[in-house]
Amino acid sequence: MIDRLAQHLDAAAMEIRTVPQLTIDQPDLSLDDAYAIQRAVVDCRIERGATRMGMKMGLTSLAKMAQVGVHEPIYGYLTSDMMLADGGTMVRTSYGHPRAEPEIAFLIGRDLQGTMTEAEALDAVIGVMPAIEVIDSRFSDFKFKLEDVVADNASSCRFVIGASATPLAELESRDLSLGNLGMILEVDGEVVQTGSSAAILEHPARSLTTLLKMLAERGEGLHPGDIVLAGAATPAVHLQPGQHVRVRVDGLGSAEMFVD
Ligand code: 0L1
Ligand code: MG
């Protein structure tokens, strides 16, 4: 069942079509099943030549939870075929119904696994970057239950990371707190969403330790060079061809992309 459902979701992504929620036909699908399907979906990408680049946390803010009606954080994998260079262009018609959201990303410097304090996790962070996450659900109308969206690799689609990683010590030396950085999402130069990094599980470091705890439950962890998207600070906005999208984060700079 796991492989069959993973291939079903992978084919939907490849063929740019939506499918009914898995939980309609499989009402007893467990969260463990869903994470196993997710892993198999990612393996399909890896078999096509993509490489693992890190992890994303999803549904880490009240605004995001309210937008989709699922009320607990989830994680997914980032792979090389999802990465878009800063200032790069994404083709709208290659995806079903993509949306963009403003995020903060961590660059991890050493192996991390298990339960730890936020200070311990941050000690392994080389730097912090502004990021855009583009999400795209394989389910019609972005409607899903927790198990569906986990199986669908947390709606992963594309991501853009800002050009430079700011060390945490540098932020502190400028009297900026990672836990309360202003975040703006702009489309065509107009501000369409504003938020704060405090919306990300109250502090992005909490998103990192929550991810590590969830990964440890499946015997996994983070590795040097991993990128971790901590989660969005605001609801996501629909993307249309011709748009220029930029995320600005206080003290971290910006990340931008174009939609063709
Ligand atoms: O990155 C996210 O917060 C997305 C998680 C999945 C829910 C959604 O598709 O918005
Ligand atoms: Mg996100």
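Going by the structure above, here's the rest.
Worth saying up front: this structure is predicted, and the values here are computed from it rather than measured.

*Asks:* I'd like a description of the state of the cysteines, backed by residues and values.
*Replies:* The full count for this structure, using the stated rule, is zero disulfides. Just so you know, Cys44 is unpaired, no disulfide at all, and the nearest cysteine sulfur is the one on Cys157, 16 Å from it. Since its relative accessible area comes to 5%, Cys157 is described here as buried.

*Asks:* Please provide a residue-by-residue account of the environment of Asn180, values included.
*Replies:* You can see Asn180 is positioned in the loop between helix H7 (168–173) and strand S8 (182–187). We classify Asn180 as exposed; its relative accessible area is 53%. When the C-alpha positions of Asn180 and Ala199 are compared, they lie 8.4 Å apart, and in sequence the two are 19 residues distant. Each residue touching Asn180, except ones within four places of it in the same chain, is listed here: Ser196, Ser197 and Ala198.

*Asks:* So what about the sheet that holds strand S4 (residues 88–90)? Which residues, and what values?
*Replies:* Ordered in space as S4-S13-S12-S8-S9, the five strands form an open sheet in which the pairing is mixed. Taken across any chain shown, the strands that pair with only one partner, and hence form the sheet edges, are S4 and strand S9 (190–196). Direction aside, the axes of adjacent strands within the sheet are offset by 20 degrees on average. As paired strands, strand S12 (residues 244–249) and strand S13 (residues 253–259) are joined by six bridges and run antiparallel to one another. Residue Val249 lies in a different strand from S13, and its bridge partner there is Gly253.

*Asks:* Account for helix H1 (residues 2–14), naming residues and giving values.
*Replies:* With 13 residues, H1 ought to run about 18 Å at 1.5 Å a step, and its terminal C-alpha atoms sit 18 Å apart, in line with that. Buried within H1 are the following residues: Leu5, Ala6, Leu9, Asp10 and Ala12. In an axial view of H1, the angular spread of the buried residues amounts to 155 degrees, which keeps them on one side of the axis. Pointing more than 90 degrees away from the buried face of H1 are the exposed residues Asp3, Arg4 and Gln7. Those residues of H1 that are buried are in contact with helix H2 (22–25), helix H3 (31–47) and helix H6 (146–151). Backbone geometry just after H1 places Ile16 at a positive phi near 50 degrees.

*Asks:* I'd like a rundown of the pairing of S9, residues and numbers included.
*Replies:* By the bridge criterion, six bridges tie S8 to S9 in an arrangement that is antiparallel. By the bridge assignment for S9, Val187 is matched with Glu190. The hairpin formed by S8 and S9 contains two residues between the paired strands, and Asp188 there has a positive phi angle of roughly 50 degrees.

*Asks:* Tell me what's going on with the site of ligand 1, and back it up with residues and numbers.
*Replies:* Neighbouring residues of ligand 1: 13 residues in total, closest Lys56, Leu59, Glu101, Glu133 and Ser155. Within the side chain of Lys56, one N or O atom sits 2.7 Å away from an oxygen atom of ligand 1. Note that an oxygen atom of ligand 1 is positioned 2.6 Å from one of the side-chain N or O atoms of Ser155. Protein burial of ligand 1: of its 300 Å² of free accessible surface, 100% is covered by the chains. Of all the secondary-structure elements, those providing two or more residues to the shell around ligand 1 are strand S1 (52–58), helix H4 (62–68) and strand S6 (125–135). Residue composition of the shell around ligand 1, by class: seven nonpolar, two polar and four charged.

*Asks:* A description of the environment of Asp28 should follow, citing residues and the corresponding values.
*Replies:* Structurally, Asp28 can be placed in the loop between H2 and H3. The class for Asp28 is exposed, based on a relative accessible area of 71%. Note: C-alpha distance between Asp28 and Glu147 (119 residues apart in sequence) is 9.7 Å.

*Asks:* How would you sum up the environment of Ile108? Please name residues and give values.
*Replies:* Of note, Ile108 is situated in strand S5 (residues 99–108). In this structure, the C-alpha to C-alpha distance between Ile108 and Gly242, residues 134 residues apart in sequence, is 34 Å. Here Ile108 is in contact with Ala124, Val125, Ile126, Leu208, Leu222, His223, Pro224, Gly225, Asp226 and Val228, once residues within four sequence places are set aside.

*Asks:* Which residues make up the packing of H1 against H3, and what values go with them?
*Replies:* Remark: H1 packs on H3, axes separated minimally by 8 Å, with the N-to-C direction vectors making an angle of 55 degrees. Classified by the angle between their axes, H1 and H3 sit oblique to one another. Once H1 is placed against H3, the crossing between them reads as right-handed. For the pair H1 and H3, contact is made by Ile2, Asp3, Leu5, Ala6, Leu9 and Asp10 and by Asp33, Ala36, Ile37, Ala40, Val41 and Cys44, respectively. Looking at side-chain class alone, the contact of H1 with H3 contains nine nonpolar, no polar and three charged residues.

Reading the values: the criteria
Residues numbered from 1 in each chain as written. Chains lettered and ligands numbered in written order. Predicted model: local features only at pLDDT ≥ 70, side-chain atom pairs only at ≥ 80, totals over all residues. Heavy atoms only, no water. Disulfide = S-S within 2.5 Å. Buried < 20%, exposed > 50% of the residue type's maximum accessible area, 1.4 Å probe, protein only. Helix = DSSP H or I, 4+ residues; strand = E, 2+ residues; numbered from the N terminus. Contact = heavy atoms within 4.5 Å. Pairing = 2+ DSSP bridges. Axes fitted to C-alpha atoms, helices over the stretch in contact; angles between N-to-C directions. Expected span 1.5 Å × (residues − 1). Arc of directions from axis to C-beta. Near = heavy atom within 4 Å. Polar contact = N/O pair within 3.5 Å; in protein donor to acceptor, adjacent residues only side chain to side chain. Areas by Shrake-Rupley, 256 points an atom, 1.4 Å probe, with all protein chains shown as cover. Nonpolar A, V, L, I, M, F, W, Y, C, P; charged D, E, K, R; others polar. Parallel < 35°, antiparallel > 145°, perpendicular 65-115°, else oblique. Left-handed = near helix turned anticlockwise from the far one by under 90°.

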